[in-house]
Amino acid sequence: MIMVTGANGQLASLTLQELGERKVPALGGSRSPAEGQRRLDFDDPATLDLTGVSTLVLVSAGYAEDDQVIARHQAVLDAAVRDGVTHVVYTSLTGGGDHLGFALAHRATEHLIKASGLDWTILRNGLYAELFATLLIWTPDGLESAFGDGALSAVARADLAAAAAVVAGNPTAHAGKIYDLVGEPITAPDIAESLGVTHRSIGLGEYRDRLLADDTLLPFQPPMVASIASSVRHGFLSNTTPDLVQLLGRPLTDPLTVTTDTAAAMRPDAR
């Protein structure tokens, strides 16, 4: 049986949907399980029941400090070894993302997986096209961002979910492989042009000040988000590879369309 963790999250829920469409039986695990899912709380070892699971799709438990994320992943891997899981598929971070503020937890988890004795496949996911859109700032005059003219090899979340489903459905064919799953490079000016608005670039210092003043962000988030802006601005996230196209066996969903549509839906006068 396949289990997908974080089942109520956007990537995991899409992965389960893809597996369902492919008629591949799969179970979701979540700290707040829906009907038919198994309770799986990474912070509560007593809930980490992976009996009957052969392939575990471990969707990264981010949104915390590195030590907490790594401890969560270690607990799940320990449970996987204990309960007889044979293969783990981990949704990691693109190889171009080592300069990002949240890369360490991903790389540490990759080391843990390789040392676990389990068969494994690592999916190094690029940043979502949907995320790129949310990091753009609407103003009365158009869009602002700290990305400058830098490009991001953004990728539609649904394409990454489809790739996870492909690998989970036939894990032995992908054992011991690391895939770098990114899309085609796009820029904030490209998005603004597609929307028919202007783009104004702001400095990283001004952007960080805005992030630090945002009381809706957790303490670790401003440096994390600022690192995305700096990495895109300075050309560290525009890498391309054929891995995702080869896994899917089809053209990728156009990241510019996904980003533009998401940004358009976030426009204040569109809400």
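Anyway, here's the lowdown on the structure attached to this text. (Residues numbered from 1 in each chain as written. Predicted model: local features only at pLDDT ≥ 70, side-chain atom pairs only at ≥ 80, totals over all residues. Heavy atoms only, no water.)

**A short note on empty space enclosed by the protein**
Counted by the stated rule, this structure contains one cavity of 30 Å³ or more. Taken as a whole, the largest cavity encloses approximately 30 Å³ of empty space. If you go around the largest cavity, the residues you meet are Thr94, Gly126, Leu127, Leu152, Ser153, Val182, Leu237 and Asn239. Of the residues contributing to the lining of the largest cavity, the split by class is four nonpolar, four polar and no charged. (1 Å grid on protein atoms, 1.4 Å probe; cavity = no way out; pocket = protein on both sides within 12 Å on 5 of 7 lines; lining within 4 Å. Points joined across faces, edges and corners; volume = space filled by probe spheres on them. Nonpolar A, V, L, I, M, F, W, Y, C, P; charged D, E, K, R; others polar.)

**With respect to the nonpolar core**
One finds Leu127, Leu143, Phe147, Tyr207 and Ile228 to be the most contacted residues of the largest nonpolar core, which totals 36 residues. Here this core gets six residues from one element, more than from any other, and that element is helix H8 (residues 221–233). The contact partners of Leu143, leaving out residues within four places of it in the chain, are Leu136, Ile137, Trp138, Ile191, Ala192, Leu195, Val197, Thr198, His199 and Arg200. Core analysis: the next-biggest nonpolar cluster, separate from the first, contains 26 residues, Leu123, Val155, Ala163 and Val166 among them. (Core = buried A, V, L, I, M, F, W, Y, C linked by side-chain atoms within 4.5 Å. Buried < 20%, exposed > 50% of the residue type's maximum accessible area, 1.4 Å probe, protein only. Helix = DSSP H or I, 4+ residues; strand = E, 2+ residues; numbered from the N terminus. Contact = heavy atoms within 4.5 Å.)

**Brief notes about the layout of surface pockets**
One way to see where empty space is left: roll a probe the size of a water molecule over the atoms. The computed volume of the largest pocket comes to approximately 1,300 Å³. Along the wall of the largest pocket there are 45 residues; nearest its centre are Ser60, Ala61, Gly62, Tyr63 and Tyr128. Where the lining of the largest pocket is concerned, the elements lending two or more residues are helix H1 (10–21), strand E2 (26–30), helix H2 (66–83), strand E5 (87–93), helix H3 (103–115), helix H4 (129–134) and H8. Classifying every residue of the lining of the largest pocket by side-chain character gives 22 nonpolar, 17 polar and six charged. Here the second largest pocket defines a volume of roughly 300 Å³. Around the second largest pocket, the lining is made up of 13 residues, and of these Thr134, Leu135, Leu136, Ile137 and Tyr207 lie nearest the centre. For the lining of the second largest pocket, the elements supplying multiple residues, two or more each, are strand E7 (137–139) and helix H7 (204–213). For the lining of the second largest pocket, the element with the highest residue contribution is H7, accounting for three residues.

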